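Letter by letter, the chains look like this.
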Amino acid sequence: MATFHSLLQMMDTLHTEDDCRVYLENMRWNGKPICPHCGSISEHHYKLTKDGKFEGLYKCKDCRCRFTVRQGTMFEGSNLPLKKWFYAIYLFLSHKKGISSCQLARDIQVTQKTAWFMLHRIRHNVKDDDANFDDMTQMDETYMGGKTRHHGKGLQGRSLKEKTPIFGMISDGLVYAKVVPNVRQETLFPIIDKLVRKGSTVITDELNVYNPLYKEYEHKTIPHKKHIYAVNGYHTNSIEGFWSHIKRGVKGIYHLASKKHLQKYCKEFVFRYNTRKQTDSDRFNDFLRSFTERLYYGELLEKPGWVYNY
């Protein structure tokens, strides 16, 4: 397994399609090709040549079906060379706030539509493991979309007519974020009950929905309305810092994020946050090595409508 210290080094090492194919085969198969049709694992699958040259087409020695390393992965059905895919994946995983489809389209010379689809394929296949929280857990909610309206001296920033709520938790350097229909107890408490160990300390602001948490957790409340942001060392600054990060990313890089796809963007920023201690090379190799699945363009389409920024 190669270690790349930069995007330039990765492209210098994997500068041909054959180099990229062999690298992907090593990441996924570790020297023993796996037939996606019958699951046969063998280094003795037949290598089929074209004009005397092997270009990655195999024939299973057991079921006799043909396959390539792309089959059964996110690369299946794509006519783009792996070099462009590798470039897009490396940038997506290493840029702290992501990369826009317009920028990627210019970088690899594809249409914006193609770049947008590529980014959603990558986003669809990043790891989405639910963290389990058993230490001090900060909880908070935020709202994205529409505009914050001024009413006298107050702000109407939580109207569900224009905004979408996101619930999040963070503990011991791991974050969880999920788009929710509302911030009622019947919506949030099943999430908390599933992911947070009973009896552990949870920290929230003074929103009334969190009040019953004291029954099963050690509940600490931070009175933000009184402009108090830490009490005896307890605070919600970490989860609020994550909200700031994702909002700057959406506004500064993507500019717009439709309500339908907002959870995918949350997943993207959660993944980067939770793998921030990994090197860019390790993150890239882990992604190629992990299970990925094909995403069809039709699954991403939606009826025209207003889109969310914040």
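Refer to the structure presented above.
Draft legend 1. Region of interest: the state of the cysteines. On inspection of all chains with the given rule, the structure shows zero disulfides. Of all cysteine sulfurs, the one in Cys63 lies closest to Cys35, which takes part in no disulfide; the gap is 3.7 Å. With relative accessibility at 1%, the residue Cys35 sits in the buried group.

Draft legend 2. Region of the structure containing the sheet that holds strand E3 (residues 66–67). If you walk across this open sheet you meet the three strands as E1-E2-E3, and the pairing is antiparallel. Strands with a single pairing partner mark the edges of an open sheet, and in this sheet they are strand E1 (46–50) and E3. Examined bridge by bridge, strand E2 (residues 53–59) and E3 share two bridges and lie antiparallel to one another. By the bridge assignment, Tyr58 is partnered in E3 with Phe67. Sheet contacts for helix H2 (residues 17–29): E2 and E3; angle to E2, the most-contacted strand, approximately 30 degrees.

Draft legend 3. Just the environment of Cys60, in detail. Within the secondary structure layout, Cys60 lies in the loop between E2 and E3. Other than its neighbours up to four places away in sequence, Cys60 contacts Cys35, Cys38, Ser40, His45, Tyr46, Cys65 and Phe67.

Draft legend 4. Examining H2 more closely. The terminal C-alpha atoms of H2, which comprises 13 residues, lie 18 Å apart, in line with the 18 Å expected from a rise of 1.5 Å per residue. Buried residues of H2: Cys20, Arg21, Tyr23, Leu24, Glu25, Met27 and Trp29, and no others. In the stretch just after H2, Asn30 is the one whose phi turns positive, near 55 degrees.

Draft legend 5. Structural context of the sheet that holds strand E9 (residues 201–205). The five strands are arranged E8-E7-E4-E9-E10 in an open sheet whose pairing can be described as mixed. Each edge of the open sheet is held by one strand with a lone partner, namely strand E8 (174–179) and strand E10 (218–222). Going across the sheet, the axis of each strand differs from the next one's by a mean of 25 degrees, ignoring polarity. Judged from the two bridges that link them, strand E4 (residues 137–144) and E9 form a sheet pairing that is parallel. Pairing of Gln138 across the sheet is with Ile203, part of E9. This element, helix H6 (residues 185–195), spans E4, strand E7 (164–171) and E8 of the sheet and lies at about 20 degrees to E7. Against the sheet, helix H8 (residues 262–274) engages E4, E7 and E8, with an angle of about 180 degrees to E8.

Draft legend 6. Region of the structure containing the packing of aromatic side chains. A full pass over the atoms with the stated rule returns 14 aromatic pairs. Both rings, one in Trp29 and one in Phe67, keep their centres 5.9 Å apart while their planes meet at 75 degrees; by these two values the pair is edge-to-face. Of this pair, Trp29 sits in helix H2 while Phe67 sits in strand E3; the two residues are 38 residues apart in sequence, bridging distant segments of the chain. Assigned by exposure class, Trp29 and Phe67 land together as buried.

Cut-offs and rules
- Residues numbered from 1 in each chain as written.
- Predicted model: local features only at pLDDT ≥ 70, side-chain atom pairs only at ≥ 80, totals over all residues.
- Heavy atoms only, no water.
- Disulfide = S-S within 2.5 Å.
- Buried < 20%, exposed > 50% of the residue type's maximum accessible area, 1.4 Å probe, protein only.
- Pairing = 2+ DSSP bridges.
- Helix = DSSP H or I, 4+ residues; strand = E, 2+ residues; numbered from the N terminus.
- Contact = heavy atoms within 4.5 Å.
- Axes fitted to C-alpha atoms, helices over the stretch in contact; angles between N-to-C directions.
- Expected span 1.5 Å × (residues − 1).
- Phe/Tyr/Trp six-rings, centres within 6.5 Å; stacked < 30°, edge-to-face > 60°.

So far we have only geometry, and geometry alone does not tell us how the molecule works.
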